[in-house]
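Each chain, written out:
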Amino acid sequence: MGIRSATEYVEFFINLEMGNSVSFLSFVNNEKLVLRHKLQNKEFKKGVILEGIKILEELSKEVGILGEKKVLEKYHRVKN
């Protein structure tokens, strides 16, 4: 798993250009589901997967508190 921070998850979501058809919260929940399925596979490093799930759970909480737009703005890297 290459994504190791909330910023990287937001950038990944934005780069997929799904914002108009898939909400960020739906994306986060789907990613958590995928990682939980990977936990069942013994070939993956569980610590890295658990770290990813923790990041996604924190993002879910932030979306619930701040709203999707604010969370995306908070973690989106401005490219100059």
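Residues numbered from 1 in each chain as written. Predicted model: local features only at pLDDT ≥ 70, side-chain atom pairs only at ≥ 80, totals over all residues. Heavy atoms only, no water.

A. Looking closely at the overall build of the protein chain. Helix and strand counts for the protein chain come out as four helices and zero strands. Ordered by position from the N terminus, the helices and strands of the protein chain form the series α-α-α-α. For 80 residues, the compact-globule estimate of 2.2 N^0.38 gives 12 Å, and the C-alpha radius of gyration of the protein chain, at 13 Å, lies within 12% of that figure. Here the C-alpha coordinates of the protein chain stretch approximately 40 × 30 × 20 Å along the principal axes. The 80 residues of the protein chain split such that 32% are buried. Carbon and sulfur atoms make up 54% of the accessible area of the protein chain, which amounts to about 5500 Å² in all. (Helix = DSSP H or I, 4+ residues; strand = E, 2+ residues; numbered from the N terminus. Rg over C-alpha atoms; globule rule 2.2 N^0.38 Å. Buried < 20%, exposed > 50% of the residue type's maximum accessible area, 1.4 Å probe, protein only. Areas by Shrake-Rupley, 256 points an atom, 1.4 Å probe, with all protein chains shown as cover.)

B. Seen up close, the side chain of Ser 60. Here Ser 60 lies in helix 3 (residues 46-66). Setting aside its immediate chain neighbours within four residues, Ser 60 contacts Leu 25, Val 28, Asn 29 and Lys 32. (Contact = heavy atoms within 4.5 Å.)

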